[in-house]
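Spelled out from the first residue to the last, the chains are:
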Amino acid sequence: MSRAALTSADCRRLIAASLAQALTALVLRTTSLPTLRILTARWRSLAGLALRGPEERVIWAIEASGRRLGGVSTCLVRAIVAEVALGSPARPLRLTVGVRHAPGGRLQSHAWLADRDRIVIGGSTADQYAPLTAWDSLFV
């Protein structure tokens with residue numbers, strides 16, 4: 001999509017997704033993942049307002065802004081932001097972290113978000129990873 005084709009709602013989503021990812025990354029670096037998940041559950045209504053819209057546009061905004069944030073936006077950060085923006089009591093999502101053997105014998109990890117059997121974000125390589133742990137959406 002060209003810049004000229006962006007709507008004001010798309011611009012709002014891009015800004016909100018960028019801020020949400022930066023804040024999530026900061027908190028993730030200063031606290032534990034379980035604590036972050038509890039905090040993000042409390043931010044859900046604010047994130048829902050800022051990142052509202054069709055699912056495909058919310059995912060687009062998270063991915064597009066994440067590509068420009070560099071190392072701040074990891075697959076885990078993107079999955080957490082998407083969970084907060086798209087999850088609800090009526091639509092619980094599952095955040096999964098998996099691992100695989102990378103070239104050279106190293107372990108490599110990846111995070112993705114799923115709605116039942118459909119991967120919402122992080123899915124391009126999720127099938128190459130063995131699930132290590134998974135969490136269902138929190139609602140506080």
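Residues numbered from 1 in each chain as written. Predicted model: local features only at pLDDT ≥ 70, side-chain atom pairs only at ≥ 80, totals over all residues. Heavy atoms only, no water.

Chemist: So what's going on with helix α1 (residues 8-30)? Residues and values would help.
Modeler: Between the first and last C-alpha of α1 there are 33 Å, a value that for 23 residues agrees with the 33 Å anticipated at 1.5 Å per step. Those residues of α1 lying buried are D10, R13, L14, A16, A17, Q21, T24, A25 and V27. Where α1 is buried, its residues meet α2 (33-50), α3 (55-69) and α4 (75-86). (Helix = DSSP H or I, 4+ residues; strand = E, 2+ residues; numbered from the N terminus. Expected span 1.5 Å × (residues − 1). Buried < 20%, exposed > 50% of the residue type's maximum accessible area, 1.4 Å probe, protein only. Contact = heavy atoms within 4.5 Å.)

Chemist: Outline the pairing of strand β3 (residues 118-121), supporting the account with residue identities and numerical values.
Modeler: Strand direction decides the pairing type here: strand β2 (residues 107-115) and β3, joined by three bridges, are antiparallel. Bridge pairing in β3 links L113 to I121. Counted between consecutive antiparallel strands, the loop separating β2 from β3 contains two residues, among which R116 sits at a positive phi close to 60°. (Pairing = 2+ DSSP bridges.)

Chemist: Give a description of α4 that names residues and reports values.
Modeler: The first and last C-alpha atoms of α4 sit 16 Å apart over twelve residues, in line with the 16 Å expected at 1.5 Å per residue. Of all twelve residues in α4, eleven are buried, a share of seventy percent or more.

Chemist: With reference to specific residues and values, describe the pattern of salt bridges.
Modeler: Per the counting criterion, the structure on display carries nine salt bridges. Among the ionic pairs, D10 bridges to R13, the shortest N-O distance being 2.9 Å. With D10 and R13 both in helix α1 and three residues apart, this pair spans about one turn of that helix. The two residues D10 and R13 agree in class, both being buried. R91 serves as the salt-bridge partner of E55, at 2.5 Å between the closest nitrogen and oxygen. With E55 in helix α3 and R91 in the loop between α4 and β1 (94-101), this pair connects stretches of sequence that are 36 residues apart. (Salt bridge = Lys/Arg side-chain N within 4 Å of Asp/Glu carboxyl O.)

Chemist: Would you mind going over the packing of α3 against α4 in detail, with residue names and values included?
Modeler: At their nearest, the axes of α3 and α4 sit 11 Å apart, and the two run at 155° to each other. Comparing the axis directions of α3 and α4 gives the class roughly antiparallel. Regarding α3 and α4, the two cross each other, and that crossing is right-handed. Along the contact surface, α3 presents E55, V58, I59, I62, E63, G66 and R67, while α4 presents R78, V81, A82, A85 and L86. Residues belonging to the contact of α3 with α4 are distributed by class as follows: seven nonpolar, one polar and four charged. (Axes fitted to C-alpha atoms, helices over the stretch in contact; angles between N-to-C directions. Parallel < 35°, antiparallel > 145°, perpendicular 65-115°, else oblique. Left-handed = near helix turned anticlockwise from the far one by under 90°. Nonpolar A, V, L, I, M, F, W, Y, C, P; charged D, E, K, R; others polar.)

Chemist: Break down the pairing of β1 for me, with residues and values.
Modeler: Regular strands place side chains that alternate from one sheet face to the opposite one. Of the strand pairs in this sheet, β1 and β2 are connected by eight bridges, and their pairing is antiparallel. Among the inter-strand pairings, V99 is bridged to a residue of β2, identified as S109. Between the antiparallel neighbours β1 and β2 lie five residues, among them G104 with a positive phi of about 90°. Here six bridges tie β1 to strand β4 (residues 130-136), and the two strands are oriented antiparallel to one another. Looking at β4, one finds that L95 is bridged to W135.

Chemist: I'd like a description of the nonpolar core, backed by residues and values.
Modeler: One finds L51, I62, A82, L86, L113 and I121 to be the most contacted residues of the largest nonpolar core, which totals 28 residues. At the level of secondary structure, the elements contributing two or more residues to this core comprise α1, α2, α3, α4, β1, β2 and β3. The dominant element in this core, judged by the number of residues it contributes, is α4, at eight residues. Leave out the neighbours within four places in its chain, and A82 touches I59, I62, G87, L93, L113 and I121. (Core = buried A, V, L, I, M, F, W, Y, C linked by side-chain atoms within 4.5 Å.)

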